[in-house]
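# Descriptive structure summary
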Amino acid sequence: MDVETVPIDRLTPLFGSVFQNPKTQYFNANVTDELAFPAENMGLPAEEINRRIAAVTERFGIKHLLNRSIFHLSGGQKQRVTIFGLDVRRSAQPPALPVRQ
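Everything in this summary refers to the structure shown in the same document. None of the values given here were measured: they were computed from a predicted structure.

### Observations concerning the packing of aromatic side chains
Counted by the stated rule, this structure contains 2 aromatic pairs. A centroid spacing of 4.7 Å and a plane angle of 20° characterise the contact between phenylalanine 27 and phenylalanine 37, whose relative ring orientation is stacked. Of this pair, phenylalanine 27 sits in the loop between helix H1 (8–11) and helix H2 (31–41) while phenylalanine 37 sits in helix H2; the two residues are 10 residues apart in sequence, bridging distant segments of the chain. Relative to phenylalanine 84, the ring of phenylalanine 60 has its centre 4.3 Å away and its plane inclined at 20°; by these criteria the two rings are stacked. Separated by 24 residues along the polypeptide, phenylalanine 60 in helix H3 (residues 46–60) and phenylalanine 84 in helix H4 (residues 75–89) bring together distant segments of the chain.

The structure is reproduced here in structure tokens:
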């Protein structure tokens, strides 16, 4: 894929970021809403978002984190939620891989 010629809306599902300080990463107070956030921004219907959240939480074994407060998670759990949220956004494709700066 030549990123210089591909429209930006086709590229955005392929990239994401995980901040070093997870406290500054979130837009929602609970895990389920945070996982949904990237897909909501893409304009996906609620049923599709819920299906993707179910698939990602099953794939990565994090169902126990659903509906928990972001503020009660460890730093590592917060970073994982961010990574898995990116995967919800692109669940029809291979899982997102974290890339370090």
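### Structural notes on the nonpolar core
Counting 15 residues, the largest nonpolar core has Val31, Leu35 and Val81 as the members making the most contacts within it. Contributions of two or more residues to this core are made by H2, H3 and H4. Here leucine 35 is in contact with Ile53, Thr57, Leu66, Val81, Phe84, Gly85 and Val88, once residues within four sequence places are set aside.

### Observations concerning the layout of surface pockets
By volume, the second largest pocket amounts to about 270 Å³. In terms of lining residues, the second largest pocket is bounded by 17 residues, among which Gln25, Phe27, Phe37, Pro38 and Leu86 are the most central. Taken together, the elements giving at least two residues each to the lining of the second largest pocket come down to H2 and H4. Of the residues forming the lining of the second largest pocket, the biggest block, 5 residues, is contributed by H4.

### Digging into the pattern of salt bridges
As a working rule, side chains carrying opposite charge can pair if their charged atoms are close by. Evaluated as defined, the whole model comprises 4 salt bridges. Through salt bridges with shared partners, one network takes in Glu48, Arg51 and Arg52.

### Quick notes on H2
Among the residues of H2, Val31, Thr32, Glu34, Leu35, Ala36, Pro38 and Ala39 are the ones counted as buried. N-cap assignment for H2: the residue whose side-chain oxygen lies 3.0 Å from the backbone N of threonine 32 is asparagine 30. Count one or two residues on from H2 and you reach glycine 43, which has phi positive near 80°.

Criteria and thresholds
- Here, residues in each chain are numbered from 1, in the same order as that chain's written sequence.
- Owing to the predicted nature of the model, reporting of local features is limited to residues with pLDDT of at least 70; listing and counting of side-chain atom pairs is limited to 80 or more, with chain, interface and lining totals taken over all residues.
- Water and hydrogen atoms play no part in the side-chain values, which are based on all heavy atoms of the structure.
- Geometry of aromatic contacts follows a simple scheme: Phe, Tyr and Trp rings, the Trp one being its six-membered ring, pair when their centres are within 6.5 Å, and the pair is stacked under 30 degrees between planes, edge-to-face over 60, tilted otherwise.
- Put simply, DSSP H or I for four residues or longer makes a helix, DSSP E for two residues or longer makes a strand, and each gets a number counted from the N terminus.
- By convention a nonpolar core is built from buried Ala, Val, Leu, Ile, Met, Phe, Trp, Tyr and Cys residues, the set being connected through side-chain atoms within 4.5 Å.
- Buried residues are those whose accessible area, probed at 1.4 Å on protein chains only, stays under 20% of the maximum for their type, while exposed residues exceed 50% and partly exposed ones sit between those limits.
- Only heavy atoms enter the contact rule, under which two residues are in contact if any of them lie within 4.5 Å.
- The method works on a 1 Å grid over the protein atoms by themselves. A cavity is a set of points holding a 1.4 Å probe that cannot get out, a pocket is an open set with protein on both sides within 12 Å along at least five of seven lines, and residues with an atom within 4 Å of a point line them.
- Grid points are joined across faces, edges and corners, and a volume is the space filled by probe spheres set on the points.
- Counted as salt bridges are all cases of a side-chain nitrogen of Lys or Arg within 4 Å of a carboxyl oxygen of Asp or Glu.
- Any pair of N or O atoms that falls within 3.5 Å is considered a polar contact. Within protein, one atom must be able to donate a hydrogen and the other to accept it, and sequence-neighbouring residues count only if both atoms are side-chain atoms.

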